Amino acid sequence: MARSVGIDLGTYNSAAAIALAPSKVVMVESKHGEQPDYYVKNFPSFVKFDHNGEKETVGKPAKDSLQGNPELVIWGVKRLVCLSYEEALREGEL
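Figured I'd write up the structure that's included with this text. Since we're looking at a predicted model, the values are computed, not measured.

The rules behind each value
Sequence order sets the numbering: in each chain, residues are counted from 1 along the sequence as written. Given that the model is predicted, a residue must reach a pLDDT of at least 70 before its local features are reported, and side-chain atom pairs must reach 80 or more before they are shown or counted; all residues, however, enter totals for whole chains, interfaces and linings. Side-chain calculation: all heavy atoms of the structure are included, whereas hydrogens and water are not. A pair of strands is treated as paired once DSSP finds two or more bridges between them. What counts as a helix is a DSSP run of H or I of at least four residues, what counts as a strand is a run of E of at least two, and both are numbered from the N terminus. Orientation is described by lines fitted to C-alpha atoms, with helices fitted over the stretch in contact, and by angles between N-to-C directions that extend from 0 to 180 degrees. Only protein chains enter the calculation, and the probe is 1.4 Å; a residue is then buried if its accessible area is under 20% of its type maximum, exposed if over 50%, and partly exposed in between.

With antiparallel pairing, the three strands of this open sheet are ordered in space as 6-5-7. Looking along the sheet, the strands with just one partner apiece sit at the ends: strand 6 (55-58) and strand 7 (73-75). With direction set aside, neighbouring strand axes in the sheet form an average angle of 25°. The pairing of strand 5 (residues 46-49) with strand 7 spans three bridges and is classified as antiparallel. Residue K48 lies in a different strand from strand 7, and its bridge partner there is V73.

In this structure, C82 takes a positive phi of about 80° despite not being glycine. Tracing the sequence through the fold places C82 in the loop between strand 7 and helix 3 (85-90). For C82, a relative accessible area of 75% translates into the label exposed.

As structure tokens, this is what we get:
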């Protein structure tokens, strides 16, 4: 049987599931999940870069570093999909 993967790319959190059989779907657990329920099954859509512009970490560790290094962390960019740079500026998104 072929397996299917479903991905929910939320603006601030993402989730994924695998269909193992017609009636069996398993949620993918985040490797950074710490709390039962919410953070185990959802992972934050955050990416932290170092000062050279190289990807440093993703998910919860990147989200946790947002307060100390906001200029190095990107998040919520999926809300800009389909907007041109000029449209994003005009709408106050950038």
